[in-house]
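Close look at the chain arrangement
Okay, here's what each chain looks like letter by letter:
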Amino acid sequence: MKVHHLNCATMRPPLVAGGIVAHCLLIETDQGLTLVDTGFGTHEVSDPKATIDPLSRALLKPALDITETAISQVEQRGYTADDVRHILLTHLDLDHAGGLRDFPKATVHVLDTELEAATNPKGTKERARYPKAQREGVTFETHRAEGEDWFGFEAVSAIPGLPEDVLMVPLIGHTRGHTGIAVKGDDGWLLHAGDAYFYRGEVETPPSNIFALKLTAKQTETIREQRLSNVERLRELKAQGEVEVFCAHDPVELARLA
Ligand SMILES: [Zn+2]
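Throughout what follows, the structure given in this document is the object of discussion. (Residues numbered from 1 in each chain as written. Predicted model: local features only at pLDDT ≥ 70, side-chain atom pairs only at ≥ 80, totals over all residues. Heavy atoms only, no water.)

1. Here we look at the coordination of the zinc ion
Coordination angles at a metal have ideal targets, namely 109.5 degrees for four tetrahedral donors and 90 or 180 degrees for six octahedral donors. Our working rule: Any N, O or S atom lying within 2.8 Å of the metal counts as a donor, with the limit raised to 3.2 Å for Na, K and Ca; because water is left out of the atom set, some sites can appear incomplete. Only two sets of limits are used to name each site, 85 to 135 degrees for every angle of a tetrahedral four-donor site, and over 155 degrees for opposite donors with all other angles from 65 to 115 for a square planar four-donor or octahedral six-donor site, with any other site named irregular. For the purposes of this entry, the term helix denotes a DSSP run of H or I that reaches at least four residues, the term strand denotes a run of E that reaches at least two, and both are numbered from the N terminus. Residue burial is assigned from relative accessible area. The probe radius is 1.4 Å, only protein chains are included, and a residue is buried under 20% of its type maximum, exposed over 50%, and partly exposed in between.
Coordination sphere of the zinc ion, protein contribution only: Asp-95 (OD), His-96 (NE2), Asp-195 (OD) and His-249 (NE2), at 2.1 to 2.7 Å. Taken together, the 4 donor atoms surrounding the zinc ion define angles of 82 to 164 degrees at the centre, an arrangement classified as irregular. Mapping the donors of the zinc ion onto the primary sequence yields the spacing D-H-x98-D-x53-H. With Asp-95 in the loop between strand E4 (84-88) and strand E5 (107-111) and Asp-195 in the loop between strand E11 (188-192) and helix H7 (211-220), this pair connects stretches of sequence that are 100 residues apart. Under the relative-accessibility criterion, Asp-195 is labelled buried at 3%.

2. Re the sheet that holds E4
We count it as follows: Think of it this way: DSSP has to see at least two bridges between two strands before they count as a pair. Axes, fitted as lines to C-alpha atoms, cover a helix only where it is in contact. Angles between the N-to-C directions of the axes lie from 0 to 180 degrees. Contacts are assigned to residue pairs that have any heavy atoms within 4.5 Å of one another.
Taken together, 6 strands build an open sheet; the order of strands is E1-E2-E3-E4-E5-E6 and the sheet is mixed. Of all strands in the sheet, those bounded by a partner on one side alone are strand E1 (2-7) and strand E6 (139-143). Pairwise comparison of adjacent strand axes, ignoring direction, gives a mean angle of 25 degrees for this sheet. In this sheet, E6 lies alongside E5 in parallel orientation, the contact comprising 5 bridges. Bridge pairing in E6 links His-109 to Glu-141. On the sheet, helix H5 (residues 112-119) packs against E5 and E6 and is oriented at approximately 95 degrees with respect to E5.

Laid out in structure tokens, this is it:
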């Protein structure tokens, strides 16, 4: 499978030197195109105030560049929106689910606990992170966080309509239904770890972090113990050297893979 690494949203949060990206994947399969995460889409770019709340706009400082939207990058490669049949989401935070409405023919795969969190949010944190407008008219297919073993992680496999080498690898913690997405591309296994961590140094040995992103991870977490234990498991996985592990927002990881 051919896998393209895209940046579908440049953001410049205060205190984060170099900014952050929304690392998404475009996968060409025999059955059409599949996206992993969608960053911000045309709706956010054309009318940001309708979707992105003032606090998120201040914290993320999104560039909102139309050429970065997933649909624009799909069209640049000679495809149309209708060629995208499946979208896998690490989670439903607004900077990951922004482009869903640009792909009306796609089935959107999420863990059941994530859609439940978005539709029945508990507390102020969950109520703020999942703008309802982003999910309007979207066809969801939910999956339970259980399945077969994948490098010591439990993985949801045999997702209808998708190749066998595309799996969901639940990494609960950042949100109630947060998951990684594993894809076996032409050069081996990739694991898109979403927001399981924010800074590349967190999964290196020995680990390192920067203050602003450590704070971001803490402020946006839902289940702390699980989040921290997953970072440790990802560090071990990376150290084994068989899987290319990367997160959603690190620009250096994206530059290495793009
Ligand atoms: Zn994020």
